[in-house]
Amino acid sequence: MTTYAVTYVYADDAAGLDAHRAEHRAFLRGLHEAGVLRASGPQPAVVPRDGAPPAGAGALLVLEGDSAGDVLAALDEDPFRKVGLITERSAREWNVVIGGFA
């Protein structure tokens, strides 16, 4: 298995995120219990130094899989995604050499 870092960017919809957060976390807990998800957590919006509007809040997820497509497919049923609260997502192979994921 290969380790992948997946990033989410969330829609600017605090009420929607709050309404579906419990289902989202239960879904991710299931992936963790299945050994697919190693870790996940939210990331705040990024405020650029040049005065541009803040980039959306999101999340970083660390998953194990055979390919980037496989890990994204494992996340397809995320309740946040199903209701349109994830506006962008990407998976990038991560070659961990030091630390708890190595």
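As for the layout of surface pockets
Here is step 1 of the chain: Its boundaries defined by the atoms lining it, the largest pocket holds a volume of some 190 Å³.
Here is step 2 of the chain: In this structure, the largest pocket is lined by Tyr10, Leu17, Arg21, His24, Arg25, Leu28, Ser40, Gly41, Pro42, Ala59, Leu61 and Phe80.
Here is step 3 of the chain: The element contributing the most residues to the lining of the largest pocket is helix α1 (residues 14–33), with five residues.
Here is step 4 of the chain: A class-by-class count of the residues in the lining of the largest pocket yields seven nonpolar, three polar and two charged.

Quick notes on the pattern of salt bridges
Here is step 1 of the chain: Under the counting rule described, the total for this entry stands at five salt bridges.
Here is step 2 of the chain: Aspartate 76 is the salt-bridge partner of arginine 89, the closest N and O atoms lying 2.6 Å from each other. Within this pair, whereas arginine 89 is found in strand β4 (residues 86–93), its partner aspartate 76 is found in the loop between α2 (68–74) and α3 (79–82), the two being separated by 13 residues in sequence.
Here is step 3 of the chain: For arginine 89, a relative accessible area of 24% translates into the label partly exposed.
Here is step 4 of the chain: Residue classification places aspartate 76 among the partly exposed residues on the basis of a relative accessible area of 26%.
Here is step 5 of the chain: Between lysine 82 and glutamate 77 there is a salt bridge whose closest N-O contact spans 3.2 Å.
Here is step 6 of the chain: The exposure class of glutamate 77 is partly exposed, given its relative accessible area of 47%.

Definitions and cut-offs
- Residues numbered from 1 in each chain as written.
- Predicted model: local features only at pLDDT ≥ 70, side-chain atom pairs only at ≥ 80, totals over all residues.
- Heavy atoms only, no water.
- 1 Å grid on protein atoms, 1.4 Å probe; cavity = no way out; pocket = protein on both sides within 12 Å on 5 of 7 lines; lining within 4 Å.
- Points joined across faces, edges and corners; volume = space filled by probe spheres on them.
- Helix = DSSP H or I, 4+ residues; strand = E, 2+ residues; numbered from the N terminus.
- Nonpolar A, V, L, I, M, F, W, Y, C, P; charged D, E, K, R; others polar.
- Salt bridge = Lys/Arg side-chain N within 4 Å of Asp/Glu carboxyl O.
- Buried < 20%, exposed > 50% of the residue type's maximum accessible area, 1.4 Å probe, protein only.

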